[in-house]
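Commentary on secondary and tertiary structure
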Amino acid sequence: MARKPINRSRRQIGDQTTKGGLIGLFIYWATQNNIDPALTALLVPIISSVLAWLSTKIGDPDLACIFIPKNDKDKPKS
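From a predicted model like this one, the values you see are computed outputs, not experimental measurements.

Below, the discussion takes up the overall build of the protein. Broken down by element type, the protein carries two helices and zero strands. A burial count over the protein gives 21% of its 78 residues as buried. Carbon and sulfur atoms form 64% of the exposed surface of the protein, whose accessible area is close to 6,100 Å².

Here's what the structure looks like:
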């Protein structure tokens, strides 16, 4: 049984879901450890920016997506 390759949009969705989950885990951890809510609110966009920056270093720099390799351009096959 041949496996269909996952297209870019599904990888983008997975990437954004992963980043959102990590941010959610941080918020949960901060809440459980009585971190000041204002500090948590300040750190969330910073963490989001760091995750986006890491995505440009790991995956496609134009999309900030971890799961799309730099050389994958999804060109239509002719």
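Take a nonpolar patch on the surface next. A surface patch of nonpolar side chains, about 650 Å² in accessible area, is lined by Leu39, Leu42, Ile46, Val50, Trp53, Leu54 and Ile58. The class of isoleucine 58 is exposed, set by a relative accessible area of 52%.

Considering the arrangement of structural elements, one finds leucine 22 in helix α1 (residues 8-32). When the C-alpha positions of leucine 22 and serine 48 are compared, they lie 9.2 Å apart, and in sequence the two are 26 residues distant.

Secondary-structure assignment places isoleucine 47 in helix α2 (residues 37-58). Expressed as a C-alpha distance, the spacing of isoleucine 47 and isoleucine 23, which sit 24 residues apart in the sequence, is 7.2 Å. Not counting chain neighbours up to four residues away, the residues in contact with isoleucine 47 comprise Ile23 and Phe26.

The backbone of asparagine 34 sits at a positive phi, close to 55°, despite the residue not being glycine. You can see asparagine 34 is positioned in the loop between α1 and α2. For asparagine 34, a relative accessible area of 71% gives the class exposed.

This part covers the side chain of threonine 40. Residue position: threonine 40 is located in helix α2. Ignoring sequence-local partners within four residues, the contact set of threonine 40 consists of Phe26, Ile27, Ala30 and Ile35.

Analysis parameters
- Each chain carries its own residue numbering, running from 1 in the written order of its sequence.
- Reporting in this predicted model follows two pLDDT cut-offs: at least 70 for local features of residues, and 80 or more for side-chain atom pairs to be given and counted; totals over whole chains, interfaces and linings ignore these cut-offs and use all residues.
- Excluding hydrogens and water, the side-chain values take into account all heavy atoms of the structure.
- Helix numbering and strand numbering both begin at the N terminus, where a helix is a DSSP run of H or I of at least 4 residues and a strand a DSSP run of E of at least 2.
- Think of it in three bands: residues with accessible area under 20% of the maximum for their type are buried, residues over 50% are exposed, and the middle band is partly exposed, with areas taken using a 1.4 Å probe on protein chains only.
- Where accessible areas are quoted, they stem from the Shrake-Rupley method and a 1.4 Å probe; at the residue level, only the protein chains shown are allowed to cover.
- Within this analysis, patches are made of residues with over 30% relative accessible area and no salt bridge. Like charges are joined at 9 Å or less; nonpolar side chains (Val, Leu, Ile, Met, Phe, Trp, Tyr) at 5 Å or less.
- Put simply, a salt bridge is a Lys or Arg side-chain nitrogen that is within 4 Å of an Asp or Glu carboxyl oxygen.
- In this analysis, two residues are considered to be in contact whenever any of their non-hydrogen atoms come within 4.5 Å of each other.

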